Structures are given as structure tokens and as C-alpha cells.
Amino acid sequence: MKKILKRIFLFFSLWFFVHLIIIMVDGYTEQDVTAEIGVILGSQVLPSGEMSDRLKARVDRGLNLYREGKVKTLLVSGGRGIEGYQEPLVMANYLEAQGVPASAILVDTFGINTYATAKAAREIYLQRDQQPDFILVSHYFHLSRCKLAFRSFGLPVQGTAYARIGWEWREPWSWLREVLGYYTYLWKDYEP
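Thresholds, definitions, all that
Residues numbered from 1 in each chain as written. Predicted model: local features only at pLDDT ≥ 70, side-chain atom pairs only at ≥ 80, totals over all residues. Heavy atoms only, no water. Helix = DSSP H or I, 4+ residues; strand = E, 2+ residues; numbered from the N terminus. Rg over C-alpha atoms; globule rule 2.2 N^0.38 Å. Buried < 20%, exposed > 50% of the residue type's maximum accessible area, 1.4 Å probe, protein only. Areas by Shrake-Rupley, 256 points an atom, 1.4 Å probe, with all protein chains shown as cover. Pairing = 2+ DSSP bridges. Axes fitted to C-alpha atoms, helices over the stretch in contact; angles between N-to-C directions. Parallel < 35°, antiparallel > 145°, perpendicular 65-115°, else oblique. Contact = heavy atoms within 4.5 Å. Nonpolar A, V, L, I, M, F, W, Y, C, P; charged D, E, K, R; others polar. 1 Å grid on protein atoms, 1.4 Å probe; cavity = no way out; pocket = protein on both sides within 12 Å on 5 of 7 lines; lining within 4 Å. Points joined across faces, edges and corners; volume = space filled by probe spheres on them. Left-handed = near helix turned anticlockwise from the far one by under 90°. Right-handed = clockwise from strand over helix to strand, strands pointing away.

The helix and strand tally for the protein stands at 6 helices and 5 strands. Taken from N to C terminus, the helices and strands of the protein fall in the order α-β-α-β-α-β-α-β-α-β-α. For 192 residues, the compact-globule estimate of 2.2 N^0.38 gives 16 Å, and the C-alpha radius of gyration of the protein, at 17 Å, lies within 12% of that figure. Counting over 192 residues, the protein shows a buried share of 48%. Entry remark: accessible area of the protein is about 10400 Å², with carbon and sulfur atoms responsible for 58%.

Before going further, it helps to spend a moment on the sheet that holds strand S2 (residues 71–77). Strand order across the open sheet formed by 5 strands is S3-S2-S1-S4-S5, with parallel pairing between neighbours. Strand pairing shows two members of the sheet lacking a second neighbour, strand S3 (105–108) and strand S5 (157–162), which therefore form its edges. Here the average twist between neighbouring strands, direction ignored, is 20°. Examined bridge by bridge, strand S1 (residues 35–41) and S2 share 6 bridges and lie parallel to one another. What sits directly across from Leu-41, in S2, is Ser-77.

One way to put it is that helix H5 (residues 143–152) packs onto helix H6 (residues 171–186) with a least axis distance of 9 Å and a crossing angle of 10°. The angle between H5 and H6 places the two elements in the roughly parallel class. Contacts from Ser-144, Arg-145, Leu-148 and Ala-149 of H5 reach H6 at Arg-177, Glu-178, Gly-181, Tyr-182, Tyr-185 and Leu-186. Residues of the contact of H5 with H6, tallied by class, amount to 5 nonpolar, 2 polar and 3 charged.

Side chains three or four residues apart in an α-helix point the same way, a direct result of the helix having 3.6 residues per turn. The element H5 is largely enclosed, with a buried count of 8 among its 10 residues. The inward-facing, buried residues of H5 abut helix H1 (2–28), S1, helix H4 (114–127), strand S4 (134–138), S5 and H6. The first or second residue beyond H5 is Gly-154, which carries a positive phi of 80°.

Here the largest pocket is characterised by a volume of approximately 480 Å³. When contributions to the lining of the largest pocket are tallied by element, the ones reaching two or more residues are helix H2 (53–67), H4 and H6. For the lining of the largest pocket, the element with the highest residue contribution is H6, accounting for 5 residues. Of the residues contributing to the lining of the largest pocket, the split by class is 4 nonpolar, 12 polar and 8 charged.

Okay, the packing of H4 against H5 next. Orientation of H4 relative to H5, taken along the N-to-C sense of each, is 40°, at an axis distance of 9 Å. Looking at the two axes, H4 sits oblique to H5. For H4 against H5, the interelement crossing comes out right-handed. Across the interface between the two elements, Thr-114, Thr-117, Ala-118 and Ala-121 from H4 touch Arg-145, Cys-146, Ala-149 and Phe-150 from H5.

Let us look at the pairing of S4. Counted residue by residue, S4 has 5 buried out of 5 residues, so it is predominantly covered. Residues Phe-134, Leu-136 and Ser-138 of S4 are buried on one face, and the alternating residues Ile-135 and Val-137, pointing to the opposite face, are buried as well. By the bridge criterion, 4 bridges tie S1 to S4 in an arrangement that is parallel. The residue of S4 that forms the bridge with Ile-37 is Phe-134. Sheet topology note: the S4/S5 ladder contains 5 bridges and is parallel. Within S5, the residue paired with Phe-134 across the bridge is Val-157. Note on the crossover from S4 through H5 to S5: the handedness is right-handed.

The following block contains the structure:
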């Protein structure tokens, strides 16, 4: 019995590390593409009302895509954090302060998770006469799950852009969450 448990443990450990490598390679691989909408997925706003370093890195990456002409519009998506701030409103205010016109910013305050963000993007997609395509902006470890969610809703993802930020102590936790989250999203129901 002990031998069987050891083999099961080794099998799942190997599976985890192989999937983690795939997530890392996928997240760090960017294509030189353009799209109608750049989707910036939310993260924590600090109790002071300032963006966390993680969130600022995501928003700055989306801002760079906009400035480089890679996207025409930015969709900022998130929810109200425990700190009491609506992440996308903080993001939109920052983008406007950086010179992005309000007309080029879409705000989704219901994006409490990746699934909800993809679902909101689907509504935007269906409401437009010319249906847009997307570039997804988040951290490298999050992008595989983001693409899975968007594509499962039938949305055209042209590419991804990862937020530039250094190593963080909580990164291994993010790896674990994303490997497990990927399979949760793989089996999720993506009804309209």
C-alpha cells in the first residue's frame, strides 16, 4: 500500500511540474499581434486606494500596448476588494491620468474572477457590430487559464501580454493555484 501511495504521489508531482512548465512557457511567450481590445485583469488595490505592485504592473503593461498601437481599447476588469475599492475604477482613473481617453476605456466592475471577466467580455463581443478580438493582460502564470476561459466562451484571443514584475515570495502559491485552477476551468460550464 505504501508503494502504491508513493507512486501516486510521484505521478501527481510529475504531472504538476510538467503542467507548471507548460504554464510558464505559455505565459512568457508573446506574439507580435494587434487586437481591438486589451483586457487587463484585476488584482489587489491597497487600503490606501493605490494599486498594488501586481495590479500596477498589469495596468502599465496594458497601457504600453495601447501606446504602441497594439490595442485600440482597454477593458479593465475586477471587483470590489476587501479593502473597499472597485479595482477597475482605480485602474481606469490611473489610465486616464496617463493620457488614455475615457472613450478608450471599458470598465467591468463584475469581474470578480477570470470566468466573470471572460463572461463580461463575451457580452461586449456580442453587442458590437464588428465583433472585436482580444489581447489578454495578466501575470505569466495566469494567462493559460485566461485564454482557456475566453476561448471557452468563443472569444477570439489574438495573444497575451504578461505583466513585468520581479520575483515575489507568494509566486509558488500562484503556481499551485493556477495549475489547479486550470483544471477547474477546463471542466467549468461555459453557458451563455
